[in-house]
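So you can see what is in the structure, the chains are spelled out below.
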Amino acid sequence: MTKGGALLLDEARQLLAHSEALLATARRIQEGHSGLLRAALPADITGESVAAILAGFQEREGGVELELHELTTAEQLAELASHDLDVGLIHHPSDVSGLELGPVLRHELGVLLPHDAPQARLGTVPLPALTGYDLILFPRAHAPAVHDDLLTTCARHGYTPTAVRHGRGPSFVRGLLLGGRTVAFAPREAHHAEDRDLTWRPLTGAPLAWRHSAAWPKGRGDAAVRAFADAGVTGWLHAADIDSGAQIDVGADRSVVTASVHKLCLLVALHRHAEAGRLNLTDQTECPGEGRTAGPTGLSAMLDPARVSLRDAAYLMMAVSDNTAADLLLERVGLDAVNDTTERLGLTRTHAVQTFRDFIATIREDAGQGGPQALADPQVLARMRALDPARTNRSTPRDMTRLLGAIWRDEACAPEHGAAVRRLLALQVWPHRLASGFPFDDVQVAGKTGSAPTLRNEVGVIEYPDHGRYAVAVFTRAASPAATLPAADAVIGTAARIAVDALRGSGGASVAGV
């Protein structure tokens, strides 16, 4: 790899970890930019997250001195109540009486266990497979409600620890784990790859997660506090050279909500059905004026009955992400056929469980009578099924680039159908995410976006005039539920550009594991 390529890879590592600073800077508030801010974080926040928060705060609030402490959730709640702390990052559930809260962040937990444990050989570990193991957990006094909620969730999913051992420091926890028949729950970043004695594995269905948000006493709405609360675009990325196989991995195996990105899977299933003679793409489908799937574009926004061919419905689904057109196609193809397609293409982490109408319905149901304004409540976001990969259509960044590579190599369907799929991807009209990173007339971007509250995604292929072609999948989650966050959209293009530049500078070398 060239020196320039190595530098770009390092930048790619840092971008998604620190992109909350980009978002926070875009929403600078005009008052409260001087003085002292007393803030606290819990001990289980990773060092990378602490560094990112500090960097973002310093960039936004240079005139404010930040006094940062490490405190448990219980300690933070006590000091917030006594006004000895201005803002904290607390775990949920907690008693938040008298506090204002920032948007909730969800951090999935996996299991840490000895490398020679039988469960370490599994790709994902179901909770019942841990039966017979002790559990290492933080002392209950540090966050009683969180402690009890985690044990209750474990029991509900089939795991009741033989005993609960209390531990906090990483060295002490590691020693307990190496003692045998003991496990701990932790985010992926808690395990260092060079530690060969322990193994980290994701939990099947992602049933456990840390949920935290910024909290401050009611009435404290100055810019410094809101800068802390607003911090947080988290991202996952996979980029691959379609021809050489070189790749960049930033959490590429993370289970993510696909939202409208799953329309790409439906499109491929549609064309495989046409290839097999199960339908004709020129077949007409009726779209009544009533009962359409909600959405701001295409048939969803139109008022009168319409009649379109299947291939024209596919155009609307891909070009403007028309939800009604997508559900019309799903009526003809079926969810089972979509899942059969992704399974046959080796996308083992990709699965569809609901129509787009049902996806939107869960958002409305979970928001309740508060409507869109309810999305500012972290407890509403925490219960929202549409934001939980275990309960909605899902995939991983790596699966999505694998699908794109198969489409561009004519492995997903016959060449004539592959060409039709690529044409529709190239006709997408949205320029503000992936395409924003490649503002060149001779570089072609073909992609599909996906969105939900706090979520912004896009997958696509970037083609250069020298015939280089790169599949990229970027999935992000913002702390803020605001529908309009230009910096959060733009970071998708920025991250993709850095990844592709790194691949082009690597000389074809494998760069997996970034």
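Rules behind the numbers
- Residues numbered from 1 in each chain as written.
- Predicted model: local features only at pLDDT ≥ 70, side-chain atom pairs only at ≥ 80, totals over all residues.
- Heavy atoms only, no water.
- Helix = DSSP H or I, 4+ residues; strand = E, 2+ residues; numbered from the N terminus.
- Buried < 20%, exposed > 50% of the residue type's maximum accessible area, 1.4 Å probe, protein only.
- Contact = heavy atoms within 4.5 Å.
- Core = buried A, V, L, I, M, F, W, Y, C linked by side-chain atoms within 4.5 Å.
- Polar contact = N/O pair within 3.5 Å; in protein donor to acceptor, adjacent residues only side chain to side chain.
- Pairing = 2+ DSSP bridges.
- Axes fitted to C-alpha atoms, helices over the stretch in contact; angles between N-to-C directions.
- Parallel < 35°, antiparallel > 145°, perpendicular 65-115°, else oblique.
- Left-handed = near helix turned anticlockwise from the far one by under 90°.
- Nonpolar A, V, L, I, M, F, W, Y, C, P; charged D, E, K, R; others polar.
- 1 Å grid on protein atoms, 1.4 Å probe; cavity = no way out; pocket = protein on both sides within 12 Å on 5 of 7 lines; lining within 4 Å.
- Points joined across faces, edges and corners; volume = space filled by probe spheres on them.
- pLDDT = per-residue confidence, 0-100.

**A short note on the environment of Leu-279**
At step 1: Position of Leu-279 relative to the elements: it lies in the loop between α7 (263-275) and β15 (284-287).
At step 2: For Leu-279, a relative accessible area of 10% gives the class buried.
At step 3: In this structure, the C-alpha to C-alpha distance between Leu-279 and Val-333, residues 54 residues apart in sequence, is 9.0 Å.
At step 4: Among all residues touching Leu-279, those that are not within four sequence positions of it are Leu-270, His-273, Ala-274, Leu-310, Arg-332 and Val-333.

**Looking at the nonpolar core**
The nonpolar side chains of a soluble globular protein tend to be buried, and buried together.
At step 1: Leu-264, Leu-266 and Leu-403 are the most contacted members of the largest nonpolar core, which totals 55 residues.
At step 2: For Leu-264, the residues in contact, after removing those within four places along its chain, are Met-318, Leu-403, Leu-404, Ile-407, Val-421, Leu-425 and Val-459.
At step 3: Val-125, Phe-138, Ala-143 and Val-183 belong to the second largest nonpolar core, which has 21 residues in total.

**Looking at the side chain of Glu-458**
At step 1: By the secondary structure assignment, Glu-458 is in strand β19 (residues 455-463).
At step 2: In this structure the side chain of Glu-458 is engaged in a polar contact, spanning 3.0 Å, whose partner is the backbone nitrogen of Leu-434.
At step 3: With near-sequence residues (within four places) excluded, Glu-458 lies in contact with Gln-428, Arg-433, Leu-434, Gly-447, Lys-448, Thr-449, Val-472, Ala-473, Val-474 and Ile-492.

**Side note on the sheet that holds strand β6 (residues 110-114)**
At step 1: A sheet is described by the order of its strands in space; here five strands give the open sequence β8-β7-β9-β6-β10, paired in mixed fashion. If you trace the sheet from one side to the other, it starts and ends with β8 (164-166) and β10 (198-202), each paired once. Across the sheet, the mean angle from the axis of one strand to that of its neighbour is 30°, orientation sign disregarded.
At step 2: Across five bridges, β6 lies against β10 in antiparallel orientation. Within the sheet, the bridge partner assigned to Leu-112 lies in β10 and is Trp-200.
At step 3: Where helix α4 (residues 144-156) meets the sheet, it contacts β7 (134-137), β8 and β9 (182-186), and its direction lies at approximately 155° from that of β7.
At step 4: Docked against the sheet, helix α5 (residues 170-178) engages β6, β7, β8, β9 and β10, running at close to 140° with respect to β9.

**Some details on the environment of Arg-174**
At step 1: Positionally, Arg-174 belongs in helix α5.
At step 2: Look at Arg-174 and you get partly exposed, because its relative accessible area is 30%.
At step 3: Considered as a pair, Arg-174 and Ala-184 are ten residues apart in the sequence and their alpha carbons are 9.2 Å apart.
At step 4: Not counting residues up to four positions away in its chain, the partners in contact with Arg-174 are Asp-195, Asp-197 and Leu-198.

**Digging into the packing of helix α9 (residues 310-319) against helix α10 (residues 323-333)**
At step 1: Packing of α9 against α10 brings their axes to within 8 Å, and their N-to-C directions diverge by 135°. For the element pair α9 / α10, the angle class is oblique. When the axes of α9 and α10 are compared, the crossing they make is left-handed. Mapping the contact onto sequence places Leu-310, Ala-313, Ala-314, Leu-316 and Met-317 in α9 and Ala-325, Ala-326, Leu-329 and Arg-332 in α10.
At step 2: For the contact of α9 with α10, the per-class residue count stands at eight nonpolar, no polar and one charged.

**Quick look at the layout of surface pockets**
At step 1: Of the voids in this model, the second largest pocket is the one considered here, and its volume is about 960 Å³.
At step 2: Lining of the second largest pocket is provided by 34 residues; of these, Pro-296, Ser-451, Ala-452, Pro-453 and Ala-483 occupy positions nearest its centre.
At step 3: Each residue belonging to the lining of the second largest pocket can be placed in one class, and the counts come to 18 nonpolar, twelve polar and four charged.

**Quick look at the packing of α7 against α9**
The description of two helices packed together rests on the angle between their axes and the distance between the axes.
At step 1: The contact between α7 and α9 brings their axes to 10 Å, and the two run at 160°. For the element pair α7 / α9, the angle class is roughly antiparallel. For the pair α7 and α9, the sense of crossing is left-handed. Touching Lys-263, Leu-264, Leu-266, Leu-267 and Leu-270 of α7 are Leu-310, Ala-314, Met-317 and Met-318, all from α9.
At step 2: A class-by-class count of the residues in the contact of α7 with α9 yields eight nonpolar, no polar and one charged.

**Observations regarding the pairing of β9**
At step 1: Most of β9 is tucked away, with five of its five residues classed as buried.
At step 2: Because side chains alternate across β9, one face comprises the buried residues Thr-182, Ala-184 and Ala-186, and the other comprises Val-183 and Phe-185, equally buried.
At step 3: Relative to β9, β6 is paired through three bridges, and the arrangement is antiparallel. Pairing of Leu-112 across the sheet is with Ala-184, part of β9.
At step 4: Of the pairings in the sheet, the one linking β7 to β9 comprises three bridges and is parallel in character. For Leu-135, the partnering residue across the bridge sits in β9 and is Val-183.

**A word on the environment of Arg-409**
At step 1: Along the polypeptide, Arg-409 turns up in the loop between α14 (397-408) and α15 (415-426).
At step 2: Taking the C-alpha atoms as reference points, Arg-409 and Ile-242, 167 residues apart in sequence, are found 8.0 Å from one another.
At step 3: Setting aside residues no more than four positions away along its own chain, Arg-409 makes contact with Ile-242 and Arg-469.

**Some remarks on the confidence of the model for the protein**
At step 1: Of all residues in the protein, 85% attain a pLDDT of 70 or more, and the chain-wide mean is 84.
At step 2: Across residues 1-34, where pLDDT falls below 50, the model places 80 contacts with residues more than four positions away in sequence or in other chains.
At step 3: Note that residues 507-514 has pLDDT below 50 and, in this model, 20 contacts with residues that lie over four places away or in other chains.

**Some thoughts on unusual backbone geometry**
Working note: non-glycine residues mostly have negative phi, and peptide bonds are mostly trans.
At step 1: In this structure, Pro-93 follows His-92 across a cis peptide bond, with omega equal to 5°.
At step 2: The topology assignment puts Pro-93 in the loop between β3 (87-92) and β4 (99-101).
At step 3: Backbone geometry places Thr-454, a non-glycine residue, at a positive phi of 75°.
At step 4: As for its position among the elements, Thr-454 is in the loop between β18 (444-452) and β19.
At step 5: Exposure remark for Thr-454: the relative accessible area of 2% places this residue in the buried category.
At step 6: You will see that His-467, though not glycine, has its phi angle at about 80°, which is positive.
At step 7: The residue His-467 is located in the loop between β19 and β20 (469-478) in this model.

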